[in-house]
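Observations on the model geometry
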Amino acid sequence: MSKIEVKICMGTTCFVMGASHLQELVEILPAKYPDTVDVMGVPCLDLCSNESKYTNAPYVKINDEIISDATTEKVLKHIERLLEDGQE
Ligand code: FES
């Protein structure tokens, strides 16, 4: 099973809209899922450039799926669902 890749957008818009709180995932995820999840902060995912979308920041990308209005709880739930479904 390949690892679940979690990319937390650390661009300015997402950071201002709450991504700073998501940094706790960098510690939580490896502790909770040491062999199944890779987590990293990434530069702007380029989703905030569209004015209608920037209000949905912060963004987190889990594998190929974009999570908008991301919170720690939302990300954890999504990962749990992926693990239950065998990632697909
Ligand atoms: S700052 Fe996050 S998508 Fe641009």
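Sequence order as written defines the numbering, with residues in each chain counted from 1. Two thresholds apply to this predicted model, a pLDDT of at least 70 for residue-level local features and 80 or more for giving and counting side-chain atom pairs, whereas whole-chain, interface and lining totals are computed over all residues. Hydrogens are left out, water is left out, and the side-chain values use all remaining heavy atoms of the structure.

**What to know about the confidence of the model for the protein chain**
- A residue's pLDDT is the confidence the predictor assigns to it, expressed on a 0 to 100 scale. Considering every residue of the protein chain, the mean pLDDT works out to 91; 92% of them sit at 70 or more.
- Predicted confidence in the protein chain is weakest over helix H3 (residues 51–54), with a mean pLDDT of 66, and strongest over strand S3 (residues 60–62), with 97. Here a helix means four or more residues in a row that DSSP labels H or I, a strand means two or more in a row labelled E, and each is numbered from the N terminus.

**What about unusual backbone geometry?**
- At the junction of Ala57 and Pro58, the peptide bond is cis and its omega measures out at 5° in the coordinates.
- Here Pro58 is to be found in the loop between H3 and S3.
- Its identity is not glycine, yet Asp46 carries a phi of approximately 70°, on the positive side.
- Position of Asp46 among the secondary structure elements: in the loop between strand S2 (37–42) and H3.
- Since its relative accessible area comes to 55%, Asp46 is described here as exposed.
- One non-glycine residue with positive phi stands out, namely Asp69, at about 45°. Summary of the burial criterion: residues with accessible area below 20% of their type's maximum are buried, those above 50% are exposed, and those between are partly exposed, where the area comes from a 1.4 Å probe applied to protein chains only.

**Some thoughts on helix H4 (residues 72–84)**
- Here a helix's expected span is defined as the number of its residues, less one, multiplied by 1.5 Å. Helix length check: H4, at 13 residues, gives a terminal C-alpha distance of 18 Å against a target of 18 Å (1.5 Å per residue), a fit within 8%.
- Within H4 the residues assigned to the buried category are Thr72, Val75, Leu76, His78, Ile79 and Leu82. Within H4, the buried residues cover an arc of 160° as seen down the axis, which keeps them to one side. Across from the buried face of H4, at angles greater than 90 degrees, the exposed residues are Glu73, Lys77 and Glu84.
- Every residue pair with non-hydrogen atoms within 4.5 Å of one another is taken to be in contact. For H4, the secondary structure elements touched by its buried residues are strand S1 (4–9), helix H1 (12–22), helix H2 (25–32), S2, S3 and strand S4 (65–67).
- Positive backbone phi, at 70°, marks Gly86, one or two positions downstream of H4. For this quantity, the arc is that covered by the directions from the helix axis to the C-beta atoms.

**Some words on the nonpolar core**
- In plain words, nonpolar cores are sets of buried Ala, Val, Leu, Ile, Met, Phe, Trp, Tyr and Cys residues tied together by side-chain atoms within 4.5 Å. Ranked by internal contacts, the top residues of the largest apolar core, which has 23 residues, are Val6, Leu29, Val60, Ile62, Val75 and Ile79.
- Only S1, H1, H2, S2, S3 and H4 provide two or more residues apiece to this core.
- Contacts of Val60, omitting those with residues within four sequence positions, involve Val6, Lys7, Ile8, Leu22, Glu65, Ile66, Ile67, Ala70 and Val75.

**Quick notes on the sheet that holds S4**
- The strand order S2-S1-S3-S4 describes an open sheet built from four strands, whose pairing is mixed. At either end of the open sheet lies a strand with only one pairing partner, and these are S2 and S4. Each strand of the sheet is rotated relative to its neighbour by a mean of 20°, with strand direction disregarded.
- Bridging between S1 and S3 involves three bridges; their strand directions are antiparallel. Counterpart to Val6 in the pairing with S3 is Ile62.
- To define axes, lines are fitted to C-alpha atoms, for helices over the stretch in contact only, and angles between the resulting N-to-C directions are given on a 0 to 180 degree scale. Contacts from H2 reach S1 and S2, with the element oriented near 170° to S2. We treat two strands as partners when DSSP finds at least two bridges between them.

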